[in-house]
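Architecture and fold: a report
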Amino acid sequence: MKIQYLGHSCFRLISEMGTTVVCDPYSSDMVGLNMPAVRCDVVTMSHHHNDHDCMDNILGSPAELDTEVTCCADDFAIKSFTTFHDDEKGAKRGNNLVFAFNVDGLNIVHMGDIGCRDAAIVQNIYGCDVLMLPVGGVYTVDAEGAKWYVDKVKPKIVLPMHYMTDDHKFTLNSIDGFLSLFDKSQVKRLQSDSLTLYDVPDNNTMQIVTLQMYVD
């Protein structure tokens, strides 16, 4: 299983069999980052804001998942859960979907733009192997809210997303506030756009892994 960071909240998941899922593709014009042109079998969209549902750079004719589903796509088992984009039960920004993937013996979760502390979601994703989690606040949970999920879900690996970069056109908080909440020994800054896992991670202590953005 290969997890590739395409920037903002977008990741590409590639199974050992070659099935490919892209989560939350974004508009380059809106975000300011250059969304790579990529081909995939499935696109998941946590919600319909243009920094999470833009198909402009998605090649081919993939299946599009933007509702609560329980389904399979070749070797991927996919399930989504409805939660909220804000801390007022969706009154400000609407709903948000959390997508859980089971593939190659791994449980991988993409939290979308979750904006609240949701105990029911914790129960559904508890103990996952990889948690892709927004950490930049403003439109989602902030650093402390993201830390709450890490403490409750107890994933093996956390991949931070949706944080400020030099190229963003709108303001988010930086990743530094989130990383500062953990022991430095838990933070691994990879000089790569990808994380490859051949089996369930065997780390005894949760790891925060930062990836470089893929450039095509």
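Summarised in this report is the structure supplied together with it. Please read these numbers as outputs of a predicted model, since none were measured by experiment.

For helix α3 (residues 143–153), every residue scored as buried is listed here: Ala143, Gly145, Ala146, Trp148, Tyr149, Val150 and Val153. Residues of α3 that are buried make contact with α2 (119–125), β12 (130–134), β13 (157–161) and α4 (176–179). With a side-chain oxygen lying 3.3 Å from the backbone nitrogen of Glu144, the N-terminal cap of α3 falls on Asp142. The positive-phi residue at the C-terminal boundary of α3 is Lys154, with phi of around 55°.

Another aspect to go through is the sheet that holds strand β16 (residues 207–210). For sheets, the rule is that strands pair by backbone hydrogen bonds, running either parallel or antiparallel. Across the sheet, eight strands lie side by side as β8-β9-β10-β11-β12-β13-β16-β14; this open sheet has mixed pairing. Single-partner strands in this sheet number two, and they are β8 (70–73) and β14 (187–189). Strand-to-strand twist in this sheet, taken as the mean axis angle between neighbours without regard to direction, amounts to 25°.

Our focus in this paragraph is unusual backbone geometry. Residues other than glycine seldom take positive phi values, yet Asp74 does so here, at roughly 55°. Considering the arrangement of structural elements, one finds Asp74 in the loop between β8 and β9 (76–84). At Asp104, a position not held by glycine, the phi torsion is positive, near 55°. Here Asp104 is to be found in the loop between β10 (95–103) and β11 (106–110).

Applying the stated rule across the entire model yields two salt bridges. Between Asp87 and Lys92 there is a salt bridge; the shortest N-O distance is 3.8 Å. By relative accessible area, which is 57% here, Asp87 ends up exposed. By relative accessible area, Lys92 is classed as partly exposed at 47%. Between Asp151 and Lys147 there is a salt bridge, with the nearest N and O atoms lying 3.0 Å from each other. On the criterion of helical spacing, the pair formed by Asp151 and Lys147 is a turn pair, its members being four residues apart in helix α3.

Once that is clear, we can look at the sheet that holds strand β1 (residues 2–7). One open sheet holds the six strands; their spatial order is β7-β5-β3-β2-β1-β15, and the pairing between them is mixed. For this open sheet the edge positions go to β7 (63–65) and β15 (194–196), each flanked by a neighbour on one side alone. On average, each strand axis in the sheet is inclined to that of its neighbour by 20°, with strand direction left out of account. Direction of pairing for strand β5 (residues 42–44) relative to β7: parallel, over a ladder of three bridges. Paired with Val43 across the two strands is Glu64, which belongs to β7.

Rules of the game
- Residues numbered from 1 in each chain as written.
- Predicted model: local features only at pLDDT ≥ 70, side-chain atom pairs only at ≥ 80, totals over all residues.
- Heavy atoms only, no water.
- Buried < 20%, exposed > 50% of the residue type's maximum accessible area, 1.4 Å probe, protein only.
- Helix = DSSP H or I, 4+ residues; strand = E, 2+ residues; numbered from the N terminus.
- Contact = heavy atoms within 4.5 Å.
- Polar contact = N/O pair within 3.5 Å; in protein donor to acceptor, adjacent residues only side chain to side chain.
- Pairing = 2+ DSSP bridges.
- Axes fitted to C-alpha atoms, helices over the stretch in contact; angles between N-to-C directions.
- Salt bridge = Lys/Arg side-chain N within 4 Å of Asp/Glu carboxyl O.

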